[in-house]
Structures are given as structure tokens and as C-alpha cells.
Amino acid sequence: MKKALLYFALGTVVSFLINYFFYSSENIGLDIYYALAFGFAWGIAYYLDTPDFTLSQKMGYSFSAMGALVMVGTLLFNLELAIPSILKFSTVFVAYYLIASFRANKTLRK
């Protein structure tokens, strides 16, 4: 769990810094929200990267997390601005497992 929180924190900070310095959005709150979505994806992907979770559980948790991101984004901003957060989340989530698939043990934990 500690490493999952570390992945969340690092993903959030790196994503925010990249967005802030290279894209310079007008809305700092939106940049923070997107960075949290990015970090959340890395943290959840790492946390679920164990044989304890079945594929259906991993998919269920990831879809639940995306739903939560849309709800929070819609409450804070609007639906149009919330949708990119799930695109970032799903891209990172798929990338994590794609990278893991190239390893012999199919995990990035070891």
C-alpha cells in the first residue's frame, strides 16, 4: 500500500509539473485535477497488480475509479472538462499493464 501511495504521489507531481511548465493552462485547478487523475491511475494500477485480484475485479475497480473521477470532475468543473481525466486514467492504466505484459512474471511489482 505504501508503494501504491508513492506511485500516486510521484505520478501526480510529475504530471502536474509537465502540464504546468509545458502546457501552461489558464486554470490551475484543472491542472491539479488532471494530475490527480494521472497519479490515481498509477497508484490504482500498482495496487491491483497482484494475483490476489482477478481480471474482472481489476476492471471493476478501474471502472469505479473512472466513474468517481467523472463525478468529482463534473461537480468541480463540468462534464466536458471531466472527460479528459478518464482518458488520462485509462491510458495510464492500460500502459501500466502493457509494460507489465513484457515481463516474464507479468507484473511490475518485482
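Relevant structure appears above.
Presented here is a report on the structure given in the accompanying data block. (Residues numbered from 1 in each chain as written. Predicted model: local features only at pLDDT ≥ 70, side-chain atom pairs only at ≥ 80, totals over all residues. Heavy atoms only, no water.)

1. Notes on the side chain of aspartate 49
Turning to its location among the elements, aspartate 49 is positioned in the loop between helix 2 (28-48) and helix 3 (55-76). Despite being buried, aspartate 49 has no salt bridge partner; lysine 58 is the closest side chain of opposite charge, sitting 4.8 Å away. Side chain to side chain, aspartate 49 and threonine 107 meet in a polar contact 2.7 Å long. Aspartate 49 has contacts with Tyr96, Tyr97, Lys106, Thr107, Leu108 and Arg109, leaving out every residue within four places of it along the chain. (Helix = DSSP H or I, 4+ residues; strand = E, 2+ residues; numbered from the N terminus. Buried < 20%, exposed > 50% of the residue type's maximum accessible area, 1.4 Å probe, protein only. Lys, Arg positive; Asp, Glu negative; His and termini not counted. Salt bridge = Lys/Arg side-chain N within 4 Å of Asp/Glu carboxyl O. Polar contact = N/O pair within 3.5 Å; in protein donor to acceptor, adjacent residues only side chain to side chain. Contact = heavy atoms within 4.5 Å.)

2. Some words on the environment of serine 56
Within the secondary structure, serine 56 sits in helix 3. Judged by its relative accessible area of 56%, serine 56 falls in the exposed class. Within polar-contact distance, the side chain of serine 56 engages the side chain of threonine 54 at 3.1 Å.

3. Comments concerning a nonpolar patch on the surface
Together, Val13, Val14, Leu17, Ile18, Tyr20, Phe21, Phe22, Tyr23, Ile28, Ile32 and Leu36 give the surface a local cluster of nonpolar side chains, amounting to about 1100 Å² of exposed area. Residue assignment for the nonpolar patch shows that the elements contributing at least two residues are helix 1 (2-23) and helix 2. Locating leucine 17 in the fold gives a position in helix 1. Note on leucine 17: relative accessible area 38%, which makes it partly exposed. (Patch = residues over 30% accessible without salt bridge, like charges linked within 9 Å, V, L, I, M, F, W, Y side chains within 5 Å. Areas by Shrake-Rupley, 256 points an atom, 1.4 Å probe, with all protein chains shown as cover.)

4. Examining the packing of helix 3 against helix 4 (residues 79-101)
In contact at an axis separation of 8 Å, helix 3 and helix 4 are set at 155° when each is read in the N-to-C sense. It follows from the interaxial angle that helix 3 and helix 4 lie roughly antiparallel. Seen along the crossing, helix 3 lies across helix 4 with a hand that is right-handed. Residues Lys58, Ser62, Ala65, Met66, Leu69, Val70, Gly73 and Thr74 of helix 3 form the contact with helix 4, whose own contacting residues are Leu79, Ala82, Ser85, Ile86, Phe89, Ser90, Phe93 and Tyr97. Partitioned by chemical class, the residues of the contact of helix 3 with helix 4 number 10 nonpolar, five polar and one charged. (Axes fitted to C-alpha atoms, helices over the stretch in contact; angles between N-to-C directions. Parallel < 35°, antiparallel > 145°, perpendicular 65-115°, else oblique. Left-handed = near helix turned anticlockwise from the far one by under 90°. Nonpolar A, V, L, I, M, F, W, Y, C, P; charged D, E, K, R; others polar.)

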